[in-house]
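# Residue-level structure breakdown
Spelled out, the chains give:
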Amino acid sequence: MRGRIEAAVRGYLSGEDFLLVDPPGLQRSPGNEVHLHAFATTAIGYDGVGHPYYLHTSPEFSMKKLLAAGETRIASLGHVWRNRERGALHHPEFTMLEWYRAHEPYEAVMDDCVALIRLAAQTTGAAAFRWKGRECDPKAEPERLSVAEAFARHAGIDLLSTVAADGSTDAAALASQMKAAGIAVPAEPDWSYLFTLILTEKVEPHLGSGRITILDRYPAAEAALARRAADDRRVAERFEVYACGVELANGFGELTDPKEQRARFLTEMAEKERLYGERYPLDEDFLAALAIMPPASGIALGFDRLVMLA
C-alpha cells in the first residue's frame, strides 16, 4: 500500500508538471528554528581537517536555491532527520514530501495537499481515516479557520490580543488568559512555549474531526520562513493541515526578503542558545538566493503519517 500511494503521488506531481529533485541530506545548516533539532556530524577531508555538517531537517534551503536558479515547480520525496523527536507520531528519521510553486499563491499548495490526501485514500480504498477514536472523511469539503479562531473556539483564548502590531508577543498576557481559562501555566513562561502548549493540548485534538482542517494565518512569531499577511502584520501566510487530530502538512507563502529572514534567524538562534545551549550556523548561500528567488508557495507533508491514516 505504501508503494502504491507513492506511485500515485508521483503520478499526481508529474501530471502537474513538477520536476522531482533530489536535495543532498548533508548541509552546512540544518535550519534555524528554535525547537528544531538536528543530527550533527563531521566531514573529514584528505587533509585530515574536519568540518561540521548536519543532516537536514527539511530540504527547504536546497529547494529554494533551485527556485532562485529558475525552476518553477519542484518536489522532493525523501528522508529527513530530526533529533529529540520520538513517539507515536514522531521518528528521528522520516519521509517528507515537499513541493513548491513559483509565482502562485499559497492556496495553490493547499489545494495540492487536499488532492493528495484524497488520492491516498482512493488508492487504498479507505472511506474514512481513523486515529485514536477520531474519524475524518477526506472527500468532505475541508474546514479552513485561522489560528486565532481555533484558539477562541477550543481554548477560550483571545490570541491576537497578546500579539503587538509589529508581531512581537506578550507572554504575561497569554499566561493570564490561560489561568482565567483554567489552563495550567508552567513556571517562567515563554510565549512560544505557551502557544505550543495550548495548541497541542486544547486545539489540535479537535482539528480534522469529520473533515480535513486547514489551520491558517499563524502568528508571525511562529512562522519564521513565511511572509506576513498583507492585511494584518501580526500574522503570516502559514498553514497546517490536519486529519483526525494528526498534523499532516505545514505550508507557507514563502518569505523572500533576505534582510528580514536573516533577522528572524538570528532571533531564533539567540533563543535556541538561551533554551538549549546551542545554535546552528546560517546558510549564507541560502540567504543570497532569497534575494533573487521569485514569489512562491511551498509545503511539506509527512508521508509516513499519510500512509498510516490511509
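Reference entry: report on the structure contained in this document.

The rules behind each value
Residues numbered from 1 in each chain as written. Predicted model: local features only at pLDDT ≥ 70, side-chain atom pairs only at ≥ 80, totals over all residues. Heavy atoms only, no water. Helix = DSSP H or I, 4+ residues; strand = E, 2+ residues; numbered from the N terminus. Buried < 20%, exposed > 50% of the residue type's maximum accessible area, 1.4 Å probe, protein only. Contact = heavy atoms within 4.5 Å. Core = buried A, V, L, I, M, F, W, Y, C linked by side-chain atoms within 4.5 Å. Pairing = 2+ DSSP bridges. Arc of directions from axis to C-beta. Polar contact = N/O pair within 3.5 Å; in protein donor to acceptor, adjacent residues only side chain to side chain. Salt bridge = Lys/Arg side-chain N within 4 Å of Asp/Glu carboxyl O. Axes fitted to C-alpha atoms, helices over the stretch in contact; angles between N-to-C directions.

## Considering the overall build of the chain
In terms of helices and strands, the chain carries 9 helices and 15 strands. With the C-alpha coordinates of the chain rotated into their principal frame, the extents come out at 60 × 50 × 35 Å. Evaluated residue by residue, the chain yields a buried proportion of 52% over its 310 residues. Contacts in the chain between residues at least 24 apart in sequence constitute 68% of all its contacts with a sequence separation of at least 6.

## Comments concerning the nonpolar core
Within soluble globular proteins, side chains that are nonpolar generally end up buried alongside one another. One finds Leu-97, Trp-99, Cys-113, Ile-117, Phe-129, Phe-239 and Val-241 to be the most contacted residues of the largest nonpolar core, which totals 39 residues. Here this core gets 10 residues from one element, more than from any other, and that element is helix H3 (residues 106–124). For Leu-97, the residues in contact, after removing those within four places along its chain, are Val-9, Leu-13, Ser-76, Leu-77, Leu-116, Ile-299, Ala-300 and Leu-301. Core analysis: the second largest hydrophobic core is formed by 27 residues, Ala-155, Val-163, Trp-191 and Val-235 among them.

## Observations regarding the sheet that holds strand S4 (residues 50–55)
Hydrogen bonding along the main chain pairs the strands of a sheet, whether they run parallel or antiparallel. Across the sheet, 3 strands lie side by side as S2-S4-S3; this open sheet has antiparallel pairing. Each edge of the sheet is formed by a strand with only one pairing partner; in this case those strands are strand S2 (26–27) and strand S3 (40–44). When S3 meets S4, the two strands line up antiparallel, connected through 5 bridges. Each residue of the ladder has a partner; that of Ile-44, found in S4, is Gly-50.

## Some thoughts on helix H5 (residues 171–180)
Each α-helix winds once per 3.6 residues, and so residues spaced three or four apart point in a common direction. Buried within H5 we find Ala-171, Leu-174, Ala-175, Gln-177 and Met-178. The buried residues of H5 occupy an angular sector of 160 degrees when projected down its axis, which confines them to one face. Residues of H5 that are exposed and angled more than 90 degrees away from the buried face: Ala-172, Lys-179 and Ala-180. Contacts from the buried residues of H5 go to helix H6 (191–203). In this structure Asp-170 caps H5, since a side-chain oxygen of it lies 3.1 Å from the backbone nitrogen of Ala-172. Remark: Gly-182 follows H5 within two positions and exhibits a positive phi of approximately 80 degrees.

## A few points about the pattern of salt bridges
By the definition in use, this model includes 27 salt bridges. Linking Glu-254 and Lys-64 is a salt bridge whose minimum nitrogen-to-oxygen distance equals 2.6 Å. Of this pair, Glu-254 sits in the loop between strand S14 (246–253) and helix H7 (258–276) while Lys-64 is found in helix H2 (residues 60–68), placing the two residues 190 residues apart along the sequence. When sorted by exposure, Glu-254 lands in the same class as Lys-64, which is buried. Put simply, Asp-216 and Arg-144 hold a salt bridge, and the shortest N to O gap is 2.8 Å. With Asp-216 in strand S10 (residues 213–216) and Arg-144 in strand S9 (residues 143–146), this residue pair connects regions lying 72 residues apart in the sequence. Judged by relative accessible area, Asp-216 falls into the buried class, the value being 4%. In this structure, a network of salt bridges that share partners links the residues Glu-16, Arg-73, Arg-101, Glu-104 and Asp-112.

## Description of the sheet that holds strand S15 (residues 296–302)
Here 8 strands make up an open sheet; going across it, the order is S1-S5-S6-S15-S14-S13-S10-S9 and the pairing mixed. The outermost strands of the open sheet, each flanked by one partner alone, are strand S1 (19–20) and S9. Where S9 and S10 come together, 4 bridges link them in parallel fashion. Bridge assignment links Leu-145 to a residue of S10, and that residue is Leu-215. In the packing of H3 onto the sheet, contacts are made with strand S6 (93–102), S9, S10, strand S13 (238–243), S14 and S15, and the angle to S6 comes to roughly 135 degrees.

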